[in-house]
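A look at the structure
The primary structure of each chain is shown beneath.
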Amino acid sequence: MQQRNPQLNARGELQHLLTIEGLPAEILHQILDTALPFVSVTEREVKKLPLLRGKTIFNLFFEPSTRTRTTFEIAAKRLSADVVNLNIGTSSQSKGETLLDTVANLSAMHADMFIVRHAESGAAHLIARHVAPNIHVINAGDGRHAHPTQALLDMFTIRHYKKDFTQLRVAVVGDILHSRVARSQIHALNVLGVPEVRAIGPKTLLPTQVGNLGVHVYHDMAKGLKDVDVVMMLRLQNERMSGSLVPSPQEYFKSYGLTRDKLALARPDAIVLHPGPMNRGVEIDSSVADGGQSVILPQVTFGIAVRMAVMSILAGN
Amino acid sequence: MRIHIKGGHLADPANGIDAARDLYIAAGKVVGVGTPPEGFTPNRTLDASACVVAPGLIDLSARLREPGFEYKATLESEMAAAVTGGVTSLVCPPDTDPPLDEPGLVEMLKFRARSLNQAKVFPLGALTRGLAGATLTEMAELKDAGCVGFAQADVAVTDTLVLMRALQYAATFGFSVWLRPEDGSLAKGGVAHDGEVATRLGLSPISPCAETVAVSTLLLLVRETGARLHVCRLSTRDGLEMIRRAKADGVNVTCDVSANHMHLSELDLGYFDSNCHLRPPLRGLRDRDALRHGLLDGTVDAICSDHTPVDDDAKQLPFAESEAGATCLELLLPLSLQWARESKIPLSRAVALLTAQPARILGLDLGHLRVGHAADVCVFDPNQEWRVEPKALKSQGKNTPFLGLEMLGRVRWTLVDGQIVHEG
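Residues numbered from 1 in each chain as written. Chains lettered and ligands numbered in written order. Predicted model: local features only at pLDDT ≥ 70, side-chain atom pairs only at ≥ 80, totals over all residues.

1. Description of the overall build of chain A
Here is the rule: Think of it this way: any DSSP run of H or I at least four residues long counts as a helix, any run of E at least two long counts as a strand, and we number them from the N terminus. In this setup the radius of gyration rests on C-alpha atoms only. A globule is expected at 2.2 Å times the number of residues raised to 0.38. Whether a residue is buried, exposed or partly exposed follows from its count of other C-beta atoms within 10 Å of its own C-beta, namely 20 or more, 12 or fewer, or something in between, respectively; the C-beta atoms are built from the backbone.
Looking only at helices and strands, chain A features 12 helices and 9 strands. Computed over C-alpha atoms, the radius of gyration of chain A comes to 19 Å, within 12% of the 20 Å expected from 2.2 N^0.38 for 317 residues, which places it in the range of a compact globule. Referenced to the eigenvectors of the C-alpha coordinate spread, the extents of chain A come out at roughly 55 × 45 × 40 Å. For chain A, the proportion of its 317 residues judged to be buried stands at 49%.

Written out as structure tokens, the structure reads:
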């Protein structure tokens, strides 16, 4: 029954980044503000800062991922850290080594930071509970629970285009039930003072208690998108497209795919986000994904700056 | 051995006694309550002043982990935990490895338990072979080997026709069937109550419907077959309400709740505390409060420990991968006393739910202190404080949601058949 927020140190500063939930708005703003100058670094000819020189960062991926791992790797290298990539997958776990044994072994190699992706909710918390106090843990996605750096880069993107969170209507659309991204986005939007967050999806893809996360629930996408400023699309995993959750990708697209017609119901200056990788023709139409309101590629660019910000803040605390 | 338990407060709900009385024991039996038999000279006098003298506790669900899971716990360690917790009789579910589906296994377990001379062990036989839910076990043979009823532990019978026939067959011979109500399909893959906490933490949910659908099916089948049903470890408000109505309609059904579920809720999961990974899952506050109320109004017939020792390696994993269960034999009494205190009712009400009531469910001559009957006794100091720590627990399982917390109430002496088997 440990209830203390495990990601803050005794001074209330960020010790680990495990989830957005429970973080004060000041820390989120600190991360976004810190990321701002890093955007220009990534546009310079020499894209390196010495902030993490001599530090060793382990990319600890128990679940396959190319994009997220790569963006963390680039972010760490731009801060001059040494990066070790470990794709552990589920196979080496079945060889008998437990998650905590793996972490203990890597700690003995004098790691300074672990970036963890795992298929089970709570894996990053478990690791954070068992590492030495000088080691920082960043959750790069655990099960359905949280993906805080994704949510932060989304917030950075929204702030970049919309400036003020307190005047916005934001819709999160799709498979919220299985989405760690959605959970982190919803917490971040609420903490940053967005007055109206909407969750749109069929009942089979929404958690029963989704209302308690601080969203208004819509099953009709047309109603849900009415007058919103930001549309945050979610990925529908292949294995969930046909079965007892959704009958077929076609039927899903008909009701919940983002088309030009549906987007026209939102504010004319609404922006469209997607965490990638996209399923064109399932959750989003190509004309929207590649259209003028899409900010999907800037999200990727900002993602590196935001991850640099998180790493440099943790290393400084 | 002649023992005089002196100066204690006797709580014997079966006999309606809740008063200061001395207890006199000789040759394994109670020989005097309040007054000694003529010419009684004790070899030993136990000073029970400030203590409650109660019948030995009867736990309707305690896993001893033998055979098959000796790395989690052994009969020796768990029997020691039982008597340390004042438990003198315990019912063990059949989910050992192999499961208790053959008379030889049951006889071996009974023999091993008897040779330890501690708590009395009453095994539940498997209802279906290998708990696979397809073929009935040889219930009559298992009964002769010492099974007190038939159960599926945590494995649901998904084929409802098999379930109905199992109940019919058991009813033929008057055997009782003990089932935890959980619909296998609805609970599949789930690890936490489908509520606010599982939603926030992204844990696969188990809907309350997994319980209510199963309770509904079981009650309908019991009406049809006339089987004697004990519903194990209820967890939801709505499931409990269905039992309440069935009892009012005269259905022959009893039920229990676990000591964990009468105190804890989904909120105790905190940040993925795998010690709170239990089956059934810890439910909402409303459910917990309903279970507590059900104990008060008599809908719930007994409190069990649902003792499930789990080794550390199986708990030090991400929540969903960790093994469900908690050690509880040594916490059963203090947790029950805590419920009585918080409910502002006499402690003897809690004692009844741990002695006379489970004895009635078992249909055995246990759970009371009548002259001429077995002297299974639990003498406890209801006001002694102790802290739940790994080293304070005899059980090999050290994992419990209550780790680090203070408990009120500790057993001073436990007697089984007039022998002192634990001295605190």
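2. Details of the overall build of chain B
Worth spelling out the cut-off: Think of it this way: build a C-beta for each residue from its backbone, and any pair within 7 Å is a contact.
If you tally the helices and strands in chain B, you get 13 helices and 21 strands. Relative to its length of 424 residues, chain B is compact, with a C-alpha radius of gyration of 21 Å against a globular reference of 22 Å. Judged by the C-alpha coordinates and their principal axes, chain B covers about 65 × 50 × 45 Å. Counting across all 424 residues of chain B, residues that qualify as buried make up 60%. For chain B, contacts bridging at least 24 residues in sequence account for 76% of all contacts bridging at least 6.

3. Looking at the interface of chain A and chain B
Definition in use: Here the term charged refers only to Asp, Glu, Lys and Arg, the term nonpolar to Ala, Val, Leu, Ile, Met, Phe, Trp, Tyr, Cys and Pro, and the term polar to all other amino acids, Gly among them.
The interface is formed by 26 residues belonging to chain A together with 22 residues belonging to chain B. Sorting the residues of the side of chain A that touches chain B by element identifies α4 (99-108), α5 (123-130) and α7 (180-191) of chain A as the ones contributing at least two each. Residue contributions to the side of chain A that touches chain B peak at 3 residues, all from α5 of chain A. The class makeup of the residues in the side of chain A that touches chain B is 9 nonpolar, 12 polar and 5 charged.

4. Comments concerning the confidence of the model for chain B
Rule in force here: Each residue gets a pLDDT score, which is the predictor's confidence in that residue and runs from 0 to 100.
Confidence in the prediction of chain B, expressed as mean pLDDT, is 97, and 100% of residues score 70 or more. Complex prediction metrics read pTM 0.95 and ipTM 0.92.

5. Structural notes on the sheet that holds strand β1 (residues 2-6) of chain B
All names here are of chain B. This is how the line gets drawn: Criterion used throughout: strands pair if DSSP finds at least two bridges between them. Each axis is a line fitted through C-alpha atoms, taken for helices only over the stretch in contact, and angles between the N-to-C directions span 0 to 180 degrees.
Spatially, 4 strands are ordered β5-β4-β1-β6 in an open sheet, and the strand pairing comes out mixed. The open sheet terminates on both sides in strands that have one partner only, identified here as β5 (29-33) and β6 (44-47). Strand after strand, the sheet turns through a mean of 20° between neighbouring axes, direction not considered.

6. Considerations on the environment of Thr400 of chain B
Residue and element names in this part refer to chain B. Structurally, the position occupied by Thr400 is in the loop between β19 (377-387) and β20 (406-416). Exposure remark for Thr400: the 25 C-beta atoms within 10 Å place this residue in the buried category. Distance from Thr400 to Leu124, taken between C-alpha atoms, is 24 Å for residues 276 residues apart in sequence. Residues contacting Thr400, with those up to four places away along its chain left out, are Asn275, Ala326, Thr327, Cys328, Leu331 and Val388.

7. Remarks on the packing of helix α7 (residues 209-225) of chain B against helix α8 (residues 237-248) of chain B
Residues and elements named next belong to chain B. Heads up, the rule is: Working definition: roughly parallel below 35 degrees, roughly antiparallel above 145 degrees, roughly perpendicular at 65 to 115 degrees, and oblique for all remaining angles. The handedness criterion is simple: a crossing whose near helix is rotated anticlockwise from the far helix by less than a right angle is left-handed, and one whose near helix is rotated clockwise is right-handed.
Here α7 crosses α8 at 20°, and the two axes come no closer than 8 Å. Regarding the angle of α7 to α8, the classification is roughly parallel. In the packing of α7 onto α8, the handedness of the crossing is right-handed. Residues Glu211, Thr212, Val215, Ser216 and Leu219 of α7 pack against Asp238, Gly239, Met242, Ile243 and Ala246 of α8. A class-by-class count of the residues in the contact of α7 with α8 yields 5 nonpolar, 3 polar and 2 charged.

8. Concerning the domain arrangement of chain B
All names here are of chain B. Filter applied, for reference: These domain limits were set by an automatic method or by a database of domain assignments.
When cut into domains, chain B gives domain 1 (3-53 + 373-384 + 404-423) and domain 2 (56-362). Computed from C-alpha atoms alone, the centre-to-centre distance between domain 1 and domain 2 is 29 Å. Taken together, the contacts link 18 residues of domain 1 with 24 residues of domain 2. Broken down by element, the residue count for the side of domain 1 that touches domain 2 peaks at 6 residues, all from β20. Residue composition of the side of domain 1 that touches domain 2, grouped by class: 13 nonpolar, 3 polar and 2 charged.

9. Structural notes on the sheet that holds strand β9 (residues 87-92) of chain B
Residue and element names in this part refer to chain B. Read from one edge to the other, the open sheet built from 3 strands follows the order β8-β9-β10, with strand pairing classed as parallel. The strands lining the two open edges of the sheet, one partner per strand, are β8 (57-59) and β10 (120-123). Across the sheet, the mean angle separating the axes of adjacent strands is 15° when strand polarity is ignored. Alignment of β9 against β10, held across 4 bridges, turns out to be parallel. Within β10, the position partnered with Cys92 by the bridge is Pro123.

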